[in-house]
Amino acid sequence: MAKKAKFKVVYNAPVTLTFAIWAVIVLAVNQFVAAELIPSLFTVPGKIGSEMAFRWSNPLDYVRLFTHVLGHDDWSHLLGTMSFILLLGPLLEERYGSPVLALMMSITALVTGVVNVCFFSRPMVGASGIAFMMILLSSFTAISKKQIPLTFLLVLILYVGRELAIGIHSENGACVAHIVGGFCGSLFGFLAAHSPKTQGKKKSSQGENSGE
């Protein structure tokens, strides 16, 4: 008798899943064990002169430029952001590779952190900038196929509108951070679409189709 195939859970997107797991751990520890964890390690400071200002002499503040994307205000904030990252991250990771996606996420975290330090007084937490980066990067993936799904456009409009409203209402740098994250995604998508590797894949695909 033939053996039945067994289903198993696969760690299919290591960068995306590891990022999400660490974000959950950070928030859980902050809420149930150490209440000062996120403010001390996972929050990017504000501009010089603000109550929680960036200190050039403090090495930890430079680390926060990257780690702030792992901190979140509450579970609603975390779930709202991670729902998009877990949806889009595996697709982008499969397309561009885990190391490249990790680099894109790190650059987006750094850029959004620097923008907050330079222009805004209030500290900032959250991975919304990375979520916006993934949304815009995904749009370039669809555009490269000469198709833009209507469902994607609707999600983009609704999500951007919601985040802009929250950012304006709270009067902090979150709104600009989201826009910066989207800009990073657009830039990454443009560079990837015009890279020699991508162009080579397109020519190879066209050659295979013409040979059929």
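Refer to the preceding data block for the structure.
Model, not experiment: these values are computed from the prediction. (Residues numbered from 1 in each chain as written. Predicted model: local features only at pLDDT ≥ 70, side-chain atom pairs only at ≥ 80, totals over all residues. Heavy atoms only, no water.)

1. Concerning a nonpolar patch on the surface
What counts is decided by this rule: Two joining distances apply to patches: 9 Å for like charges and 5 Å for nonpolar side chains (Val, Leu, Ile, Met, Phe, Trp, Tyr), and every residue must have over 30% relative accessible area and no salt bridge. Using a 1.4 Å probe, the Shrake-Rupley method yields the accessible areas, and only the shown protein chains count as cover for residues. When a carboxyl oxygen of Asp or Glu lies within 4 Å of a side-chain nitrogen of Lys or Arg, that pair is called a salt bridge. Partly exposed describes any residue whose relative accessible area lies between the buried limit of under 20% and the exposed limit of over 50%, with all areas from a 1.4 Å probe on protein chains only and scaled to the type maximum.
The grouping of Y11, I21, W22 and I25 at the surface amounts to a nonpolar patch, some 410 Å² of accessible area in total. We classify Y11 as partly exposed; its relative accessible area is 45%.

2. Some remarks on helix α1 (residues 14–32)
Heads up, the condition is: For the purposes of this entry, the term helix denotes a DSSP run of H or I that reaches at least four residues, the term strand denotes a run of E that reaches at least two, and both are numbered from the N terminus. To estimate the expected span of a helix, count its residues, drop one, and scale the result by 1.5 Å. Regarding the arc, it is the one traced by the directions from the helix axis to the C-beta atoms.
Between its terminal C-alpha atoms α1 stretches 26 Å, which fits the 27 Å expected from 19 residues at 1.5 Å a residue. Taken together, the buried positions of α1 are occupied by V15, T16, F19, A20, A23, V26, L27 and N30. Looking straight down α1, one finds that the buried residues subtend no more than 130° of arc, so they occupy a single side.

3. Description of the packing of α1 against helix α4 (residues 75–96)
What counts is decided by this rule: Lines are fitted to the C-alpha atoms to define the axes, a helix being fitted only along its stretch in contact, and any angle between axes, read from their N-to-C directions, falls within 0 to 180 degrees. Oblique is the label for every angle not falling under 35 degrees (roughly parallel), over 145 degrees (roughly antiparallel), or within 65 to 115 degrees (roughly perpendicular). When the near helix sits turned anticlockwise from the far one by under a right angle, the crossing is termed left-handed; a clockwise turn instead gives a right-handed crossing. By definition in these notes, contact holds between two residues if any of their heavy atoms fall within 4.5 Å. Lys, Arg, Asp and Glu make up the charged group, whereas Ala, Val, Leu, Ile, Met, Phe, Trp, Tyr, Cys and Pro make up the nonpolar group; the residues left over, Gly among them, are polar.
At a minimum axis distance of 8 Å, the contact between α1 and α4 shows a crossing angle of 165°. Judged on the interaxial angle alone, α4 and α1 are roughly antiparallel. In the crossing of α1 with α4, the sense of the turn from one axis to the other is left-handed. Every residue of α4 that contacts α1 at P14, V15, T16, L17, F19, A20, A23, V24, L27, A28, Q31 and F32 is listed here: W75, L78, M82, I85, L86, G89, P90 and E93. Its residues assigned to classes, the contact of α1 with α4 shows 16 nonpolar, three polar and one charged.

4. Quick word on the packing of aromatic side chains
What counts here: Two aromatic rings from Phe, Tyr or Trp, using only the six-membered ring of Trp, form a pair when their centres are within 6.5 Å; if the ring planes differ by under 30 degrees the pair is stacked, by over 60 it is edge-to-face, and anything between is tilted.
This structure, assessed with the given rule, holds two aromatic pairs. On the numbers, 5.0 Å between centres and 75° between planes, the contact of F54 with W56 is edge-to-face. F54 sits in the buried class, given a relative accessible area of 5%. Between F54 and Y62, the aromatic rings sit 5.1 Å apart at their centres with planes inclined by 85°, giving edge-to-face as the arrangement. A residue is classified by how much of its surface remains accessible, and Y62, at 36% relative accessible area, is partly exposed. Pairwise contacts between aromatic rings join F54, W56 and Y62 into one cluster.

5. Section: the side chain of T16
For T16, the position within the fold is in helix α1. The exposure class assigned to T16 is buried, which follows from its relative accessible area of 0%. Excluding residues within four positions of it along the chain, T16 makes contact with I85, L86, G89, P90, E93 and L101.

6. Some words on the nonpolar core
Basically, it comes down to this: Residues belong to a common nonpolar core when they are buried Ala, Val, Leu, Ile, Met, Phe, Trp, Tyr or Cys residues joined through side-chain atoms within 4.5 Å.
Among the nonpolar cores identified, the biggest contains 36 residues, and F19, M82, I85, M105, I130, M133 and M134 are the most heavily contacted of them. Mapped onto this core, the elements with two or more residues apiece are α1, α2 (37–41), α4, α5 (98–119), α6 (128–143) and α8 (174–193). Setting aside residues no more than four positions away along its own chain, M105 makes contact with V15, F19, I130, M133 and M134. If you look at the next biggest cluster of nonpolar residues, it comprises six residues, including F54, L65, M124 and A177.

7. A few points about the pattern of salt bridges
Proximity of charged atoms lets side chains of opposite charge pair with each other. Within the structure shown, the criterion is met by two salt bridges. Between R55 and D61 there is a salt bridge, and its shortest N-O distance comes to 3.6 Å. By relative accessible area, which is 44% here, R55 ends up partly exposed. A salt bridge links D61 to R64; its shortest N-O distance comes to 3.0 Å. Of the two residues, D61 and R64 both sit in helix α3 (residues 59–67), three residues apart, roughly one turn of that helix.

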